Each structure stands twice: as C-alpha cells, then as structure tokens.
Amino acid sequence: MNCIGVIGYGHMGSMLVNGFLSSGVLGVDEVVVTSRSQESRDACAAAWPGIGIARANREIARRCRTVILAVRPQETTEVLREIVPGMDGDEHVVSLAAGVGLTELEGLFSGSVTRAIPTITSTIGQGTTLVCHGRQVGMHDALRVEGLFSSIGNVMLVEEDELPAATILSSCGPGLLAAVIEELAGATARASGLAPDRALCLATETAAATAAYLRETGETPGDLVGRVATGGGVTEAGVKGLRERLPQVFDETVAAMLVRYGAVGK
Ligand SMILES: NC(=O)c1ccc[n+]([C@@H]2O[C@H](COP(=O)([O-])OP(=O)(O)OC[C@H]3O[C@@H](n4cnc5c(N)ncnc54)[C@H](OP(=O)(O)O)[C@@H]3O)[C@@H](O)[C@H]2O)c1
C-alpha cells in the first residue's frame, strides 16, 4: 500500500521507473506500473524483473499510496476520474501533465495533489523537475515526492503561475535546443563541404561544452560572447545577425507555446 504507482509507461513513465530504480531510491517491490497496452506492460516487466505490473488503472489506486499520472494531458482527467472511485482519499496523486491545473485535478480528487514536470534530460541524471504542491499536501508527502525526483536530477519548487514559463525552459527546452543544434549544424554543412554527421557531432559537443562552461564559470552569456567574438572577426558577424533576428523568432516561439500550453489538456 505504501508503494509508488505509475500509470502510463511512455517516455516519462519509463524514464521515472528507470531513474527511481537505477538510483536505488526505490526497489522493484516498491513500484507498481500499468499502461494502456499489453506491449508497454510487457516492456516494463522485461526491463525490471520483479516489478509490480497492474492490469488496470484502478488496481494501481488500490495498491499504491502515491499514484503518478504519466499519461498525456488530454488523458489525465479521464484516468483520474476512472481511479478515484477505488481510492480512499489518503493517496497522493502526482500529475505530470502540462497544462492541467491543480484546481481541475483537485476538483476530481479531494486528497493530496502535486504537479511535477520532469525533463527528458533526467534520463542521464541532469536537468530540473519542477514541483508544485497543492494545498492538501502535507510535509511528509511533499518531502517523499521531492526526494524521489531528486534521485534523477534537480528539483525546483515553483508556484503554479510560474509553471508555464518554467516548463518551456526546463522541460520543452531540450527539444528547443536540440532543434537549434540541428539547424546550426545543417546550415554549416549546407554552406560547406563538411559532412552532415561531422557537423552535427561538432555542434552537439560545442553546445554541451558551452553550457558546462557557463555553469562552471558563472559568466553570463554576454560575457562569453565577448570572449569569443574578436573585434571585426567571424563570430561578431554571426552574433550580430542573430541578435537582430532572434528576439522576434523567440518572442513568437514562446507566445505560440504559451497559447498551446493553455489548450493542451482540453
Ligand atoms: N515528454 C516530456 O518531455 C514531458 C516532460 C514533462 C511532462 N510531460 C508530461 O508527461 C505526461 C506523459 O508524457 P509522455 O511524453 O511520457 O507521453 P507518452 O510517451 O505518449 O506516454 C503516455 C503513455 O500513457 C499511456 N496511456 C494512455 N492512455 C492511458 C490510459 N487510459 N491508461 C493507462 N495508460 C495510458 C500510453 O500507454 P501505451 O503506450 O501502453 O498505449 C503511453 O505510453 C504528459 O502529461 C506530458 O505533458 C512530458
């Protein structure tokens, strides 16, 4: 009954199960997983022999005190509606769904509800899970969930009205930056004889090294640009063009994402 239940063994559900178990914060006898398809349930059972596999969502609600909803936003309220009748109210529901608010979740389940927004980079133990506890969540449950997510990376407590912007940076961010790396490498390869795979390899390494440099030195991005862009040199020409055009590109990108954020759970 004190185990952790995970409903939905997709990208996030499988990442959390793998992370919690490989970090040692949980053992296989403390986790019960279900997913809509037999294929996903079999994949989980094969990856983690001895783990609890439930055939139905309601079984998770019966067996687990902490229930992580790792289904898509448009499936989250439907799954919660389905499991609530089998719950006694003492459970702690943790929803990963972007765009589904605490008010809506607490309207369906009157017990403890937390929103947690992980990031795919926690697959390698990096990145930040955003955590926003509902009003009913007691200290013990809050610390337990924060401890779980700490085992796969950083945890940042946020207010719910900060979640959309923080999600764009922390959780959508890897997708945005991966697209930027791909475009930079692609443009360089198109403009030269450099092979696309070598261009992508260099761009990826440079992005990783740049992020590590900023984190380790504490320099601002502006400081770093100043160190790289020799006056009248090559970088200066590139950064000038980006600074003219990128603010508008990113303003439009963020605006579109915020619009979608508001509609994604509907
Ligand atoms: N991906 C990210 O980087 C990320 C980051 C932060 C938050 N999130 C949030 O995390 C949640 C999951 O995202 P995801 O990327 O992991 O999605 P996903 O890969 O599509 O996984 C969702 C899983 O839910 C399962 N499912 C669907 N309906 C179900 C039902 N009625 N009962 C039980 N299982 C059901 C599906 O199972 P089958 O495969 O078995 O059919 C699927 O594997 C979303 O709410 C998203 O907003 C995602």
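Since we're looking at a predicted model, the values are computed, not measured.

Rules used throughout
- Every chain's residues receive numbers from 1 upward, in the order its sequence appears when written.
- Predicted model: local features are reported for residues with pLDDT of at least 70 only, side-chain atom pairs are reported and counted for 80 or more only, and whole-chain, interface and lining totals are derived from all residues.
- Note that water and hydrogens are dropped before the side-chain values are worked out from all heavy atoms of the structure.
- Only the stretch in contact is used when fitting a helix axis, every axis being a line fitted to C-alpha atoms; angles between N-to-C directions are given from 0 to 180 degrees.
- Secondary structure counts use DSSP, requiring at least four H or I residues in a row for a helix and at least two E residues in a row for a strand, with both numbered from the N terminus.
- In this scheme the handedness of a crossing depends on how the near helix is turned from the far one: anticlockwise by less than a right angle means left-handed, clockwise means right-handed.
- Throughout, a residue-residue contact means that at least one pair of heavy atoms, one from each residue, lies within 4.5 Å.
- Polarity classes work like this: nonpolar for Ala, Val, Leu, Ile, Met, Phe, Trp, Tyr, Cys and Pro, charged for Asp, Glu, Lys and Arg, and polar for all others, with Gly in that last group.
- Only a single heavy atom is needed: when it lies within 4 Å of a molecule or strand, its residue is near that molecule or strand.
- Here a polar contact is taken to be a pair of N or O atoms separated by no more than 3.5 Å, where protein atoms must pair a possible hydrogen donor with a possible acceptor and residues adjacent in sequence count only if both atoms sit in side chains.
- Only the protein chains shown count as cover for residues, and the accessible areas themselves come from Shrake-Rupley with a 1.4 Å probe.
- Expected span of a helix, by definition, is 1.5 Å for each gap between consecutive residues, and there is one gap fewer than residues.
- UniProt positions are given in the numbering used here, feature names are shortened, and annotations may be inferred rather than shown by experiment.
- Whenever Lys or Arg places a side-chain nitrogen within 4 Å of a carboxyl oxygen from Asp or Glu, that contact is recorded as a salt bridge.
- For the exposure calls, accessible area comes from a 1.4 Å probe over protein chains only, and a residue counts as buried if that area is under 20% of its type's maximum, exposed if over 50%, partly exposed in between.
- Note on pairing: DSSP must find at least two bridges between two strands before they are called paired.
- With the strands pointing away from the viewer, any crossover whose connection runs clockwise from the first strand over the helix to the second is right-handed.

Participant: Hey, could you go over the packing of helix α8 (residues 196–217) against helix α9 (residues 221–228) for me, with residue numbers and the actual values?
Facilitator: Between α8 and α9, the shortest axis-to-axis distance is 10 Å and the interhelical angle comes to 120°. Considering how the two elements wind past one another, α8 and α9 form a crossing that is right-handed. Taking contact as the criterion, the partners of Thr 210, Tyr 213 and Leu 214 in α8 are, on α9, Pro 221, Leu 224 and Arg 227. Among the residues making up the contact of α8 with α9, the classes are represented as four nonpolar, one polar and one charged.

Participant: Which residues make up the site of the ligand, and what are the values?
Facilitator: Around the ligand sit 23 residues in total, of which His 11, Met 12, Ser 35, Ser 37 and Val 71 are the nearest. One nitrogen or oxygen atom from the main chain of Val 71 is found 2.7 Å from an oxygen atom belonging to the ligand. For the ligand, the protein covers 81% of the area, taking 910 Å² as the surface of the free molecule. Elements that contribute at least two residues to the shell around the ligand include exactly α1 (11–23) and α4 (73–83). Across the shell around the ligand, the residue classes break down as 12 nonpolar, eight polar and three charged.

Participant: Residues and numbers for α8, please.
Facilitator: When the terminal C-alpha atoms of α8 are compared, their 31 Å separation across 22 residues agrees well with the 32 Å that a helix rising 1.5 Å per residue should span. Backbone geometry just downstream of α8 places Gly 218 in the positive-phi region, at approximately 75°.

Participant: So what about the environment of Ile 181? Which residues, and what values?
Facilitator: Within the fold, Ile 181 resides in helix α7 (residues 163–190). Measuring from C-alpha to C-alpha, the distance between Ile 181 and Leu 202 comes to 9.6 Å, with 21 residues separating the pair along the chain. Not counting chain neighbours up to four residues away, the residues in contact with Ile 181 comprise Leu 200, Ala 203, Thr 204 and Ala 207.

Participant: Go over the UniProt feature "domain: Pyrroline-5-carboxylate reductase catalytic N-terminal" (unreviewed entry) in the chain, please, and point to the residues and values.
Facilitator: UniProt's feature table lists "domain: Pyrroline-5-carboxylate reductase catalytic N-terminal" (unreviewed entry) at residues 4–99, given in the numbering used throughout. With 43% helix and 21% strand, residues 4–99 has its two end C-alpha atoms placed 23 Å apart.

Participant: An account of the UniProt feature "domain: Pyrroline-5-carboxylate reductase dimerisation" (unreviewed entry) in the chain is needed here, citing residue identities and associated values.
Facilitator: Taking the numbering used here, the UniProt-annotated feature "domain: Pyrroline-5-carboxylate reductase dimerisation" (unreviewed entry) corresponds to residues 160–260. Along residues 160–260, the helical share is 84% and the strand share 0%, with 17 Å between the first and last C-alpha atoms.

Participant: Describe the pattern of salt bridges, listing the residues and the values that go with them.
Facilitator: Scanning the entire structure with this criterion turns up eight salt bridges. Glu 244 is the salt-bridge partner of Lys 240, the closest N and O atoms lying 3.1 Å from each other. Residue Lys 240 and its partner Glu 244 are both found in helix α10 (residues 234–263); the two are separated by four residues, about one turn of the helix. Just as Lys 240 is exposed, Glu 244 falls in that class too.

Participant: Give me the pairing of strand β7 (residues 128–133): which residues, what numbers.
Facilitator: Burial analysis of β7 places five of its six residues in the buried class, the great majority of the element. Pairing between strand β6 (residues 112–117) and β7: four bridges, direction antiparallel. Bridge assignment links Thr 114 to a residue of β7, and that residue is His 133. Here β7 runs beside strand β8 (residues 154–157); their pairing, made up of four bridges, is parallel. Looking at the pairing, Thr 128 lines up with Asn 154 of β8. Crossover handedness for the path β7 to helix α6 (residues 139–150) to β8: right-handed.

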